[in-house]
Amino acid sequence: MKRLFLIVAAVFYLLGGAEGLSFGATYYVAKNGSGNADGSRAHPWANFSQAVDNLKPGDALIIKDGVYFQPLFINVSGEPGRPITVKAENDGKVIIDGRGLQAPCRVEGTKQKRVADVELSGLQCRNSNIDVVRVHFADRIVVSRVSAYGASPGISDNAVFDLAGASHVTIKDCAASGRGRVLYNAQSCDYVIFRRCWGKWMDFPLDIWLAALQIYGTSHSIVENCVFTTNSKRDVTGITVIKQTYNEAADDNRIYGNVIDGFKMYGIITASYGKRPLSGNIFKDNVIVGSTYGFGLRTGGTVENSTFIDASSCSFCVSKSDPGLPLYGRLKGSSLYKGNTGINLQNADSFKESENNLFGFVNYYRGLPGGRADTADAVRYALANYGKGAYLIPAVLSRKAGQTTGAQVLYRYESGVLTNVPLWPWPMEERIKREAGCSVTWENGGGLWKTLDKLYPSAAGRKAHAGN
């Protein structure tokens, strides 16, 4: 039996063990630590740099509660199945403050020596002189339950979360707000996931292109169940998928189940410049409320089962970003509700739309022939019951009993697959309320929902009432 146990244990070790189990050492850093300590729980280190220098594949670094005015710079690697883990001992109780002098948190290699297999969790980072959280030249990185506030207000192109030259990176259950040209940026990356990220865009001093989340020259990414809002009057876009002339591609991205509320430019835009158009990008189950332009299709893309509410100019705008590139697109199964123009087609090589419902527009179509294969039924959103959260439920058509139209953003997507796990209340609700002073879930704190009562059939859903 002892021999069998040893064999099983050895195989388990070689296979990487269970998720999150890496068979390494555990070290500690604390405000009252010492450079002469051994890094144990009883004798923690004081400096992040000393701790990082000692980390090997499979090791974990636990940071004790407190405000730290030193940068966390991770330039060492784990191994597949044996990541290096750095986390707060208590979720959200570790604050790394750059004081405008340094970047609080970096997982960063170089083109010649990349960093790989690192996991960060539970941290709060703020006040950077560049980006707040950087993941550059890195592979297989997981950042979870990390909040970040306040990139540099200077002239440089800074984001709150900035990914560059990275691959297979997951940013999940994170929060971003404060200054930043972009809250979440993935530039020249591949296989990136942004999952259940929240952002409130606040300010950036330069008159340049601004966005909550940007997929920039990045392919095979997934953006799922993110919520972005702003109270700024600046021309800010919610989600951008774009390729410039110097980018190789921005193809095969999946943008599923996101909510973009109150942006004064585009809710979502996809565009391409230079050598070739984008291909394979799919946008599904997205809700855009109160933008000047709901969705800007300026290169190839497929939009399905989405909801566009109160776009002051046009809900769905089709025009080429680059006149030398073809534009092929499709809009299907979506709800377009209230505004000046429903669908505005300026130029396209092929644009197909079907099974959409448009209601409450001055001009239902511009640039398209009449007699479209859509409906124009009055829709019912239960705003009195749910508030803006009603837009996350497919609308009921007035003249077709039992038929609905538009997006559903009630359950979690996981790697592009819709699950039966409720999305609401928001996973980082209490952290965001405590740190940013606003609610993602509840209307009385600036969020979306008046109540979740009777929204879900499960016991968990039934007990979720307004204000909880």
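Computed from a predicted structure; not experimentally measured.

Side note on the overall build of the protein chain
Each helix and strand in the protein chain was counted, giving five helices and 39 strands. When its C-alpha atoms are laid out on the principal axes, the protein chain stretches across 75 × 50 × 50 Å. Summarising the internal contacts of the protein chain: among those between residues at least 6 apart in sequence, 62% fall at separations of at least 24. Across the protein chain, the mean location of the 52 positive side-chain charges is 2 Å away from that of the 41 negative side-chain charges.

Things to note about the pattern of salt bridges
Under the defined criterion, the tally for this structure stands at 22 salt bridges. Here Glu-89 ties to Arg-41 by a salt bridge, and the two come within 3.3 Å at their closest N and O atoms. Pair noted here: Glu-89 is in the loop between β5 (84-88) and β6 (94-97) and Arg-41 is in the loop between β1 (26-29) and α2 (48-53), with a separation of 48 residues, a long-range link. Salt-bridge contacts for Asp-349 lead to Lys-320; the nearest nitrogen and oxygen are separated by 3.1 Å. Taken together, the positions of Asp-349 in the loop between β32 (335-345) and β33 (350-354) and Lys-320 in the loop between β30 (307-318) and β31 (328-332) put the pair 29 residues apart, joining distant regions of the chain. Taken together, the shared-partner salt bridges in this structure form one network comprising Asp-173, Arg-195, Arg-196, Glu-224 and Glu-414.

Things to note about the side chain of Lys-64
Among the secondary structure elements, Lys-64 is positioned in the loop between β2 (60-63) and β3 (66-68). Within the local environment of Lys-64, its side chain forms a polar contact with the side chain of Glu-89, the two groups lying 3.3 Å apart. In contact with Lys-64, not counting residues within four places along its chain, are Tyr-28, Val-29, Ala-30, Arg-41, Glu-89 and Val-94.

A look at the sheet that holds strand β36 (residues 395-397)
What the three strands build is an open sheet, ordered β35-β36-β37; its pairing is antiparallel. Of all the strands in the sheet, the pair left with one neighbour each is β35 (379-380) and β37 (404-405). Taken together, the two bridges between β36 and β37 define a ladder with antiparallel strand orientation. Residue Val-396 lies in a different strand from β37, and its bridge partner there is Thr-404.

Details of the environment of Arg-434
The residue Arg-434 is located in helix α4 (residues 429-436) in this model. Its relative accessible area of 48% is what places Arg-434 among the partly exposed residues. Sequence separation between Arg-434 and Glu-224 is 210 residues; the distance between their C-alpha atoms is 24 Å. Discounting chain neighbours no more than four positions away, the residues touching Arg-434 are Asp-91, Gly-92 and Lys-93.

Things to note about the confidence of the model for the protein chain
For the protein chain, the mean per-residue pLDDT works out to 91, and 92% of the residues sit at or above 70. Taken as a whole, residues 4-20 scores under 50 in pLDDT and shows nine contacts with residues more than four places along the chain or in a different chain. Within the model, pLDDT remains below 50 along residues 460-468, and this stretch shows 20 contacts once partners closer than five positions in the same chain are excluded.

Observations regarding the state of the cysteines
Within this structure, the stated rule accounts for one disulfide. In this model, Cys-314 is linked to Cys-317 through a disulfide, with the two sulfur atoms separated by 1.8 Å. Classification of the bridge connecting Cys-314 and Cys-317 rests on its S-S torsion, roughly 125°, and on that basis the disulfide is right-handed. Cys-317 shares its class with Cys-314; the two are buried. As a non-bridged cysteine, Cys-197 has Cys-226 as the owner of its nearest cysteine sulfur, 4.5 Å distant. On the basis of relative accessibility, which here comes to 0%, the residue Cys-197 falls in the buried class.

Looking at the packing of aromatic side chains
In total, this model carries 21 aromatic pairs according to the counting rule given. Ring centres 6.4 Å apart and planes at 10° place the aromatic pair Tyr-337 and Phe-359 in the stacked group. On the criterion of sequence distance, the pair formed by Tyr-337 in strand β32 and Phe-359 in strand β34 (residues 357-366) is long-range, its members being 22 residues apart. Through a chain of ring-to-ring contacts, three or more aromatic side chains come together here, namely Phe-283, Phe-295, Phe-308, Phe-316 and Phe-351. Across from the ring centre of Tyr-68, 5.4 Å away, lies the NZ or CZ of Lys-31, which sits over that ring. For Arg-106, the ring lying beneath its charged end belongs to Phe-73, and the centroid distance is 4.1 Å.

Let's talk about α4
Residues Glu-429, Arg-431, Ile-432 and Glu-435 constitute the buried set of α4. Buried residues of α4, seen end-on, are gathered within an arc of 165° and therefore sit on one face of the element. Packed against the buried residues of α4 are β9 (123-126), β12 (147-149), β15 (175-179) and β18 (198-203). One or two residues past the end of α4 sits Gly-437, with phi positive at roughly 75°.

Remarks on unusual backbone geometry
With an omega of -5°, the peptide bond between Trp-424 and Pro-425 qualifies as cis. At Asp-310, a position not held by glycine, the phi torsion is positive, near 55°. Within the secondary structure, Asp-310 sits in strand β30. For Glu-355, which is not a glycine, the phi torsion comes out positive at approximately 60°.

Some details on the nonpolar core
In globular proteins that are soluble, nonpolar side chains generally tend to be buried together. Among the nonpolar cores identified, the biggest contains 82 residues, and Phe-161, Ile-171, Tyr-184, Phe-194 and Phe-316 are the most heavily contacted of them. If one sorts the elements of this core by residue count, strand β19 (residues 210-216) sits on top with four residues. Once residues lying within four places of it in the same chain are set aside, the contact partners of Phe-316 are Phe-295, Leu-297, Val-303, Phe-308, Leu-331, Leu-336, Gly-342, Ile-343, Asn-344 and Phe-351. Listed in part, the 34 residues of the second largest apolar core include Val-227, Trp-442, Trp-449 and Leu-455.

Rules behind the numbers
Residues numbered from 1 in each chain as written. Predicted model: local features only at pLDDT ≥ 70, side-chain atom pairs only at ≥ 80, totals over all residues. Heavy atoms only, no water. Helix = DSSP H or I, 4+ residues; strand = E, 2+ residues; numbered from the N terminus. Contact = heavy atoms within 4.5 Å. Lys, Arg positive; Asp, Glu negative; His and termini not counted. Charge placed at Lys NZ, Arg CZ, Asp CG, Glu CD. Salt bridge = Lys/Arg side-chain N within 4 Å of Asp/Glu carboxyl O. Polar contact = N/O pair within 3.5 Å; in protein donor to acceptor, adjacent residues only side chain to side chain. Pairing = 2+ DSSP bridges. Buried < 20%, exposed > 50% of the residue type's maximum accessible area, 1.4 Å probe, protein only. pLDDT = per-residue confidence, 0-100. Disulfide = S-S within 2.5 Å. Phe/Tyr/Trp six-rings, centres within 6.5 Å; stacked < 30°, edge-to-face > 60°. Lys NZ or Arg CZ within 6 Å of the ring centre and 35° of its normal. Arc of directions from axis to C-beta. Core = buried A, V, L, I, M, F, W, Y, C linked by side-chain atoms within 4.5 Å.

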